[in-house]
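# What the coordinates show
One-letter residues, chain by chain:
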Amino acid sequence: MTKFGTAKRQIELLARDPLLLFLVGAIFLSLAIFVAYPLVAVLSKSFQSEQGSFSLENYVRFSQFGYLWNALWNSVLVGVVTGIAGVLLGYAAAFTIVRTNIRFKKFLHLLFILPIISPPFTSALSVLMLLGANGLITHKLLGIADYNIYGFKGVMLSQVFTFAPVAYLTLRGVLDSLNPTLEDAAMNVGAGRWQTFRRVTFPLSLPGIASAFLVVFIESLADFGNPLVLAGSRFPMLSTQAYLEITGSFNLPLGAALAVVLMLPSVTAFAVQRYYLQKRQYTTVTGKPTSSSSKLVSRNTRRVLTAFVVIFGTFILLFYGTIIAGAFTTVWGYNYGLTLRHFIYAFGVGMDTIKDTLIVALVSTPLSGLIGMLIAFLVVRFRFPGKGAMEFTSILNFAVPGTVIGIGYILAFNQPPLLLIGTLAILVLNFVFRYVPVGIQSGIAVLRQIDPSIEEAARNLGADSITTFRKVTLPLIAPAFFSGLVFAFVRAMTAISAAIFLVSAQWNLLTVQILNQVGSGRLGVAAAFSVILMAIVLAAVAIIGRIVPGHERGMRTVTISEGF
Amino acid sequence: MLKEFGNYDDPSSLVVAVDKVSLRVEEGALVTLLGPSGCGKTTLLRMIAGFEDPTGGDIFFGERRMNDVAPNGRHAAMVFQSYAIFPHLDVFENIAFGLRLQNLSAAEIRERMAKVLELTGLAGLEQRQPNQLSGGQQQRVALARAIIMEPQLLLFDEPLSNLDAKLREQMRIELRALQQRLRITSVYVTHDQSEAMSISDRVVVMRNGRIEQEGTPIGLYSRPKNRFVAEFIGKANFLDGRVVAGGVEIGGQHFAVDLGGSGLRGGDLAECTIRPEGIRILNIGSVPRTPFAGTVRRSTFLGSVVEYEVSIEGLSPLLVQAPNPLEGMIHSAGSNIAVDFAPGALHVLASSKKNESDHLRH
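Residues numbered from 1 in each chain as written. Chains lettered and ligands numbered in written order. Predicted model: local features only at pLDDT ≥ 70, side-chain atom pairs only at ≥ 80, totals over all residues. Heavy atoms only, no water.

### Concerning the overall build of chain B
Of regular secondary structure, chain B possesses 9 helices and 20 strands. If one aligns the C-alpha atoms of chain B with their principal axes, the spans along those axes are about 75 × 55 × 35 Å. Counting the 362 residues in chain B, one finds 51% classified as buried. As presented, chain B carries roughly 17500 Å² of accessible surface, and 49% of it is formed by carbon and sulfur atoms. Separation between the mean location of the 38 positive side-chain charges and that of the 42 negative ones in chain B comes to 1 Å. (Helix = DSSP H or I, 4+ residues; strand = E, 2+ residues; numbered from the N terminus. Buried < 20%, exposed > 50% of the residue type's maximum accessible area, 1.4 Å probe, protein only. Areas by Shrake-Rupley, 256 points an atom, 1.4 Å probe, with all protein chains shown as cover. Lys, Arg positive; Asp, Glu negative; His and termini not counted. Charge placed at Lys NZ, Arg CZ, Asp CG, Glu CD.)

So this is what it looks like as structure tokens:
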């Protein structure tokens with residue numbers, strides 16, 4: 001049968017269930033409008049002159065202006081260094097948790113993932129408060145006048161702190177799935193501890209390490225908040241530069257061209273990660289659960305690892321303690337007296353923003369979860385033409401930096417019939433399609449584990465396809481669904497890079513508000529907003545965790561899929 | 001030897017996996033640890049390999065105390081249940097893994113490899129990746145990786161449990177032949193009694209962390225110490241008898257049984273056991289002595305034997321296996337038959353002694 005014939009046959013089969021055909025069509029249409037079209041808009045805008053005619057002038061300017069080259073170089077440099085440092089820290093932390101019997105594992109785990117559920121630039125705020133010109137450490141303790149934390153070192157420090165936990169989660173998943181019997185086997189034929197690690201544990205986790213590096217690299221490149229706060233004018237970076245071209249110089253075509261340049265390394269890294277590395281992962285899961293061998297780690301190694309984990313954890317506590325302290329401090333750097341006025345100000349001026357943020361997150365989260373599960377269900381259980389394209393498009397948004405998506409949305413939805421700028425809808429749609437990949441990834445993972453014969457059994461006993469989905473499939477994937485929801489909610493509450501282009505006077509978000517406060521030097525208010533934001537996020541995670549038993553594990557599998 | 005798991009600050013959480021077990025393995029012998037899951041056999045094996053530390057007791061290889069020797073210094077090569085094939089190495093490198101650590105010359109590795117590949121039937125597969133191997137081939141790689149070390153002790157952790165039935169039988173014959181040829185002292189863990197019987201010099205039956213009985217396969221089968229061992233190794237009938245001069249009386253009939261060493265006296269209750277194949281089926285009236293008369297309740301054709309469930313007045317139902325069934329000669333349910341016990345087939349359980357006190361109290 002020809003390719004076309006197969007496609008026709010598949011559509012005919014699908015058409016036996018009209019609802020299914022409709023769903024497939026609707027999803028294709030919405031992915032085309034809200035994922036593909038904005039990216040195409042960025043691409044075509046980047047080839048326009050400021051007058052609107054086709055031209056290569058933006059790319060010519062890029063190659064001529066040194067500071068644009070610098071921006072690219074700086075972004076990639078920071079990405080690589082952050083990736084390496086993040087993977088080193090993440091691997092050590094994951095190895096300690098998985099392969100030793102240290103105490104308070106659960107507490108340490110929660111501490112390590114804390115940066116993941118906070119706004120990505122809280123650490124920038126901490127760095128500023130601790131090491132800035134009026135910083136607690138630099139100014140107050142060490143007495144250095146006007147210490148300059150801006151530039152490479154500030155961004156680096158802040159990003160390593162923000163993204164090492166991402167590497168930790170990825171690598172923890174890798175080490176968890178690595179059968180300790182293999183280490184037993186190596187020692188059994190005469191390998192010492194170090195030899196076992198070097199010849200078995202390390203090579204087996206190498207694909208995971210490479211994968212974690214690329215994920216951190218992608219996140220670092222896409223990061224917007226940390227560079228905006230800490231890069232400073234003499235250390236331009238791509239994501240912030242694109243933003244400044246558009247909001248500062250109103251040069252949309254050049255901003256679009258920068259966005260395209262920003263997208264290239266991200267999408268390349270994503271492609272390598274997804275199509276090369278993932279196939280090389282060694283899964284050594286066997287039926288029989290084996291006790292983790294504690295023989296791999298000698299007493300001294302264990303001491304070193306414990307010390308490392310304690311130091312790492314202490315830094316995290318220090319960073320968050322600083323934010324909380326800052327929220328209650330009169331004027332950070334000058335007057336360390338206690339006050340509540342930042343909170344009074346935040347709740348007074350910022351109440352609307354808090355409400356807006358919650359509305360956007362609460363509306364977009366379930367939508368994104370549902371669409372994600374639906375796409376996962378269609379992709380895993382049915383055959384239809386364009387299935388691969390559907391999966392690819394829906395996951396694409398995770399690889400594309402938020403800045404690019406934000407620019408794409410303002411370019412794509414600024415005229416009728418899709419005039420959405422300044423509305424609630426544009427924020428919601430942006431979040432829905434940006435975090436749909438989370439639901440898809442966890443949904444696909446869970447559905448692949450569910451034996452189709454369970455669904456066949458339901459059909460065999462007389463249930464139609466909708467009843468089967470409702471009564472059998474849905475309950476089975478519910479934990480993954482809810483953990484996907486937690487993740488999407490956290491992300492919707494803490495996102496900044498795309499959202500900063502889309503907020504308006506009517507609809508503002510907490511993260512944007514925090515950045516504005518940092519920009520105008522009101523660190524205390526920024527800290528108070530951060531504390532409020534984190535409190536909301538933690539409360540939401542705790543509530544969903546209470547309602548859905550076993551979401552812990554799901555949360556982990558979900559977060560691992562970040563960046564894919 | 002003793003092994004407890006759990007938190008020592010909280011004694012109630014302690015689980016005793018291996019409870020004061022003492023075991024001696026003769027040089028060159030294959031000893032099987034047999035028991036249901038959770039009986040402590042794997043924990044015992046892992047203590048020998050050095051992956052678990054005993055809470056109490058000592059492990060000796062020959063004259064050498066091994067408790068403080070690291071797993072990689074024990075020369076006790078293990079074949080893992082999951083095979084534990086290194087997924088990032090091909091067959092050759094998997095097998096050569098231990099030799100490479102000893103920095104042997106390429107020539108010597110090649111030489112030993114050739115020998116082992118031939119022994120295990122893996123020649124020609126050296127360049128394969130682990131995911132290109134069948135279950136049986138993976139099993140052979142795991143075995144080859146262990147024996148190429150020329151270990152002083154070979155440990156098997158349910159090595160055949162992941163293979164299908166046919167291959168399992170073939171592999172156990174090969175394993176036994178190989179072990180006998182190389183004369184490597186071996187400890188083998190399994191929960192499959194037929195595997196234990198066919199492969200071992202001696203079998204150790206374990207339950208709840210303790211050794212129930214130890215002996216040769218035939219010794220255990222024909223003279224089990226207690227009900228657990230009798231039932232775990234094959235099928236068994238249990239009958240209540242009473243000790244009389246020169247034997248036991250069951251259902252009003254006398255049977256000659258060797259009671260030497262059991263300490264039972266005339267009049268004591270004796271718990272007797274007999275294997276299904278130790279009971280013969282007779283045509284009524286064809287024997288001089290009066291056998292038990294009974295009725296066939298169930299008849300199951302199993303190929304090489306027919307299994308009957310026979311009810312006899314005054315006794316619990318008996319399981320009987322008749323060999324070499326011929327078409328048209330099988331008794332159907334409801335038929336009246338007579339059964340008799342083959343000479344020497346009846347065995348009095350040593351655990352009968354426990355009944356003595358009960359018996360006196362009544």
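So, next bit.
### Let's talk about the nonpolar core
In this structure, F112 of chain A together with I95, F97 and L155 of chain B are the most contacted members of the largest nonpolar core, which totals 243 residues. Here this core gets 15 residues from one element, more than from any other, and that element is helix 23 (residues 523-547) of chain A. Residues within four places of F97 of chain B in sequence aside, it is in contact with A186, V189, A191, R199 and V200 of chain A together with F86 and L89 of chain B. Among the nonpolar cores identified, the runner-up in size contains 27 residues, and V296, V310, V339 and L346 of chain B belong to it. (Core = buried A, V, L, I, M, F, W, Y, C linked by side-chain atoms within 4.5 Å. Contact = heavy atoms within 4.5 Å.)

### Thoughts on a nonpolar patch on the surface
Residue and element names in this part refer to chain A. Taken together, the side chains of F54, L56 and V60 present a nonpolar region at the surface, about 330 Å² in accessible area. Relative to the helices and strands, L56 is located in the loop between helix 2 (18-46) and helix 3 (57-64). Taking the relative accessible area as the measure of exposure, L56 reaches 48% and is therefore partly exposed. (Patch = residues over 30% accessible without salt bridge, like charges linked within 9 Å, V, L, I, M, F, W, Y side chains within 5 Å. Salt bridge = Lys/Arg side-chain N within 4 Å of Asp/Glu carboxyl O.)

### Here's the deal with the confidence of the model for chain A
Residues and elements named next belong to chain A. Confidence in the prediction for chain A averages 83 pLDDT; 92% of positions are at 70 or higher. Here helix 24 (residues 551-560) stands out as the least confident element of chain A, with mean pLDDT 38; helix 4 (residues 66-99) is the most confident, with 92. Across residues 550-564, where pLDDT falls below 50, the model places 44 contacts with residues more than four positions away in sequence or in other chains. (pLDDT = per-residue confidence, 0-100.)

### Let's talk about the side chain of T190 of chain B
All names here are of chain B. As for its placement among the helices and strands, T190 is situated in strand 8 (residues 186-190). A polar side-chain atom of T190 sits 3.0 Å from the main-chain amide nitrogen of D192. Excluding residues that lie within four positions of it along the chain, T190 makes contacts with T32, L33, L34, G35, K41, E158, E195 and A196. (Polar contact = N/O pair within 3.5 Å; in protein donor to acceptor, adjacent residues only side chain to side chain.)

### Concerning the sheet that holds strand 20 (residues 347-348) of chain B
All names here are of chain B. Reading across from one edge, 13-12-11-14-20 is the order of the 5 strands in this open sheet, with antiparallel pairing throughout. The open sheet has two edge strands with one neighbour each: strand 13 (253-256) and strand 20. Here strand 11 (residues 237-244) pairs with strand 14 (residues 269-274) via 6 bridges, running antiparallel. Paired with L239 across the bridge in strand 14 is C272. (Pairing = 2+ DSSP bridges.)

### A closer look at the side chain of Q139 of chain B
For Q139 of chain B, the position within the fold is in helix 4 (residues 135-147). If we skip the residues at most four places from it in the chain, Q139 of chain B touches V79, Y83, P159, L160, L163 and M171 of chain B.

### Describing the interface of chain A and chain B
Contacts between chain A and chain B engage 23 residues on the former and 27 residues on the latter. Carbon and sulfur atoms make up 62% of the surface buried where chain A meets chain B, a total of about 2200 Å² over both sides. Sorting the residues of chain A by area buried against chain B places N188, V189 and K295 of chain A first, and these three jointly supply 30% of that buried surface. In this assembly, chain A and chain B are joined by 1 salt bridge. Counting the contacts that link chain A with chain B gives 6 residue pairs in polar contact (both at pLDDT 80 or more). For the side of chain A that touches chain B, the secondary structure elements donating two or more residues are helix 9 (180-188) and helix 10 (193-222) of chain A. With 7 residues, helix 9 of chain A is the largest single contributor of residues to the side of chain A that touches chain B. Taken together, the residues that form the side of chain A that touches chain B break down as 10 nonpolar, 9 polar and 4 charged. (Buried area = accessible area lost by both parts, 1.4 Å probe. Nonpolar A, V, L, I, M, F, W, Y, C, P; charged D, E, K, R; others polar.)

### As for the pairing of strand 17 (residues 305-312) of chain B
All names here are of chain B. Within strand 17, 6 of the 8 residues are buried, which leaves it mostly tucked inside the rest of the structure. Examined bridge by bridge, strand 16 (residues 292-301) and strand 17 share 7 bridges and lie antiparallel to one another. Counted as the bridge partner of V296 is V310 from strand 17. A loop of 5 residues connects strand 17 with strand 18 (residues 318-323), the two strands running antiparallel in sequence, and G314 in this loop sits at a positive phi of about 85 degrees.

### Looking at the sheet that holds strand 8 of chain B
Residue and element names in this part refer to chain B. Taken together, the 6 strands give an open sheet; going across it, the order is 6-7-8-3-9-10, and neighbouring strands pair in mixed fashion. The open sheet terminates on both sides in strands that have one partner only, identified here as strand 6 (76-79) and strand 10 (210-215). Strand-to-strand, the axes of this sheet are offset by a mean angle of 20 degrees, without reference to chain direction. Bridging between strand 3 (residues 30-34) and strand 9 (residues 202-207) involves 4 bridges; their strand directions are parallel. Residue pairing across strands places V31 opposite R202, the latter belonging to strand 9. Sitting on the sheet, helix 1 (residues 41-49) touches strand 3, strand 6, strand 7 (153-157), strand 8 and strand 9, and the angle it makes with strand 7 is about 150 degrees. Here helix 4 sits on the sheet in contact with strand 6 and strand 7, set at roughly 180 degrees to strand 6. (Axes fitted to C-alpha atoms, helices over the stretch in contact; angles between N-to-C directions.)

### Concerning helix 2 of chain A
An α-helical segment advances 3.6 residues per turn. Residues three or four places apart therefore align on the same side. All names here are of chain A. The terminal C-alpha atoms of helix 2, which comprises 29 residues, lie 41 Å apart, in line with the 42 Å expected from a rise of 1.5 Å per residue. Where helix 2 bends most, the angle comes to about 40 degrees, and this point is A36, followed within four residues by the proline P38. Listed in full, the buried residues belonging to helix 2 are L20, V24, I27, S30, L31, F34, V35, P38, L39, A41, V42 and S46. (Expected span 1.5 Å × (residues − 1). Bend = angle between axes of the 7 residues up to and from the residue.)

### Some remarks on unusual backbone geometry
Residue and element names in this part refer to chain B. Not every positive phi belongs to a glycine, and E158 is a case in point at roughly 40 degrees. Structurally, E158 is set in the loop between strand 7 and helix 5 (165-182). The phi torsion at R183 lies on the positive side, around 55 degrees, for a residue other than glycine. With respect to the helices and strands, R183 occurs in the loop between helix 5 and strand 8.

### Here's the deal with the confidence of the model for chain B
Residue and element names in this part refer to chain B. Averaged over all residues, the pLDDT of chain B equals 86, while 90% of them reach at least 70. Under a pLDDT of 50 for its full length, residues 354-362 has, in the predicted model, 7 contacts with residues more than four places off or in other chains. Scored as a complex, the prediction yields pTM 0.80 and ipTM 0.74.

### Section: the packing of aromatic side chains
How two aromatic rings sit relative to each other is set out by the distance from centre to centre and by the angle between their planes. Throughout the structure, instances matching the rule amount to 31 aromatic pairs over all chains. For the ring pair F112 of chain A and Y168 of chain A, a centre distance of 5.1 Å and an interplane angle of 75 degrees mean the geometry is edge-to-face. Within this pair, whereas F112 of chain A is found in helix 5 (residues 105-113), its partner Y168 of chain A is found in helix 8 (residues 152-176), the two being separated by 56 residues in sequence. Y168 of chain A gets classed as buried once you look at its relative accessible area, which sits at 0%. Here the aromatic cluster, defined as three or more aromatic residues joined through ring pairs, consists of F34, Y37, Y409, F413 and F433 of chain A. For R227 of chain B, the ring lying beneath its charged end belongs to F238 of chain B, and the centroid distance is 4.1 Å. The aromatic ring of Y221 of chain B is capped on one face by R275 of chain B, whose charged end is 4.0 Å from the ring centroid. (Phe/Tyr/Trp six-rings, centres within 6.5 Å; stacked < 30°, edge-to-face > 60°. Lys NZ or Arg CZ within 6 Å of the ring centre and 35° of its normal.)

### A word on the packing of helix 4 of chain A against helix 12 (residues 238-247) of chain A
All names here are of chain A. Helix 12 packs onto helix 4 with a crossing angle of 140 degrees between their chain directions and a minimal axis gap of 8 Å. Here helix 4 is positioned oblique relative to helix 12, judged by the angle of their axes. Where helix 4 approaches helix 12, its residues Y67, L68, A71, L72 and S75 are matched on the opposing element by L238, Q241 and E245. In terms of residue class, the contact of helix 4 with helix 12 is made up of 5 nonpolar, 2 polar and 1 charged. (Parallel < 35°, antiparallel > 145°, perpendicular 65-115°, else oblique.)

### As for the packing of helix 4 of chain A against helix 10 of chain A
All names here are of chain A. At their nearest, the axes of helix 4 and helix 10 sit 8 Å apart, and the two run at 140 degrees to each other. By the angle between their axes, helix 4 is oblique relative to helix 10. The interaxial crossing formed by helix 4 with helix 10 has right-handed handedness. In this structure, helix 4 uses S75, V76, V78, G79, V80, T82, G83, I84, V87, Y91 and F95 to contact helix 10, whose residues at the interface are F197, T201, F202, S205, I209, A212, F213, V216, F217, S220 and L221. Tallied by class, residues from the contact of helix 4 with helix 10 come to 15 nonpolar, 7 polar and no charged. (Left-handed = near helix turned anticlockwise from the far one by under 90°.)

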